[in-house]
Amino acid sequence: DARVTQTPRHKVTEMGQEVTMRCQPILGHNTVFWYRQTMMQGLELLAYFRNRAPLDDSGMPKDRFSAEMPDATLATLKIQPSEPRDSAVYFCASGPPPTGHTGELFFGEGSRLTVL
Amino acid sequence: AQSVAQPEDQVNVAEGNPLTVKCTYSVSGNPYLFWYVQYPNRGLQFLLKYITGDNLVKGSYGFEAEFNKSQTSFHLKKPSALVSDSALYFCAVSPSGNRDDKIIFGKGTRLHILP
């Protein structure tokens, strides 16, 4: 049963610490998305990749967030330094090409981040 | 700017009654439209999509959605609600011809089905 795997599922950290979230997309999927979910803002698109190349990261605070795909089986989202306002659930989703036409994204279970 | 609006934060429906969850969009061209559902502490799951053709599309769990181009709407519907339908529902859009595959989500509507 193919699925998107995210780690960690839960993370509590203190303000100023570095946080790294990891995502393993479904094998064969060539688009990977990072979304952030909060009560106030809903589901925000942070960044996405196609064939490992970043296509759009305009939704991401550049001074502290970075997203990469070191290889086709791993996507990372890093926050350094973390702040309390970063507390949210971060979702990774992957999709087979061309995602905009099929529309079916496969979401991971999310990483719940709490920054104290 | 491309956007998706879900005007209701919450919808309450009695079990057995029909339900509607509203969605409107603002994009240029002819968009592709989707609905996703999220259960507590889970990721989103794909429900259905509209690409082209018949304005009424059917999806998982008995849900359907009606595309209305003149009203730029894509409302989610079900003829008879179940308590198990209680969840958070997201409308999403991908602009037609957008080869970058960006998918934008609405803020979500919480659906409560009352027994």
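Here the structure is a predicted model, which is why all the values come from computation and not from measurement.

Scanning chain A from terminus to terminus reveals 1 helix and 11 strands. Counted from the first residue to the last, chain A has its helices and strands arranged as β-β-β-β-β-β-β-β-β-α-β-β. Radius of gyration (C-alpha) of chain A: 13 Å, near the 13 Å computed for a compact globule of 116 residues. Looking at chain A residue by residue over its 116 residues, the buried ones come to 47%. Restricting the contact set of chain A to residue pairs at least 6 apart, pairs at least 24 apart contribute 53%. Accessible area of chain A: about 5700 Å², with a carbon and sulfur share of 51%. Averaging the positions of the 12 positive and the 13 negative side-chain charges in chain A gives two centres separated by 2 Å.

Before going further, it helps to spend a moment on the interface of chain B and chain A. Contact residues are listed per partner, giving 22 residues for chain B and 27 residues for chain A. With both chains or domains summed, chain B and chain A bury close to 2000 Å², and 49% of this area falls on carbon and sulfur atoms. Among the ionic pairs, D56 of chain A bridges to K102 of chain B, the shortest N-O distance being 2.7 Å. There are 6 residue pairs in polar contact (both at pLDDT 80 or more) connecting chain B and chain A. Of all the secondary structure elements, the ones that give two or more residues to the side of chain B that touches chain A are β5 (32-38), β6 (44-50) and β10 (87-94) of chain B. No other element matches the 4 residues that β5 of chain B contributes to the side of chain B that touches chain A.

Calculation notes
- In this numbering scheme, every chain counts its residues from 1 along its sequence in written order.
- The naming scheme follows written order: chains are lettered A onward, ligands numbered 1 onward.
- Restriction of local features to residues with pLDDT of at least 70 applies here, the model being predicted, together with a cutoff of 80 or more for giving and counting side-chain atom pairs; totals for whole chains, interfaces and linings are based on all residues.
- Side-chain metrics rest on all non-hydrogen atoms present in the structure, leaving aside hydrogens and water.
- Helix and strand assignments come from DSSP, with helices taken as H or I runs of at least 4 residues and strands as E runs of at least 2, each series counted from the N terminus.
- C-alpha atoms define the radius of gyration, and 2.2 Å times the number of residues to the power 0.38 defines the globule rule.
- Exposure categories follow from relative accessible area, calculated using a 1.4 Å probe and restricted to protein chains: below 20% of the type maximum is buried, above 50% is exposed, and the middle band is partly exposed.
- Two residues qualify as a contact provided that any one of their heavy atoms is within 4.5 Å of a heavy atom in the partner residue.
- Note on areas: these come from Shrake-Rupley sampling with a 1.4 Å probe, and a residue is covered only by the protein chains present in the view.
- Asp and Glu are treated as the negative residues and Lys and Arg as the positive ones, with His and the ends of the chain left uncounted.
- For this purpose, a charge sits on NZ of Lys, CZ of Arg, CG of Asp or CD of Glu.
- Joining two parts hides part of their accessible area as seen by a 1.4 Å probe, and the buried area is that hidden amount summed over both.
- Only one rule defines a salt bridge in this text: a Lys or Arg side-chain nitrogen within 4 Å of an Asp or Glu carboxyl oxygen.
- Here a polar contact means two N or O atoms within 3.5 Å. Within protein one must be a hydrogen donor candidate and the other an acceptor candidate, and residues neighboring in sequence count only if both atoms are side-chain atoms.

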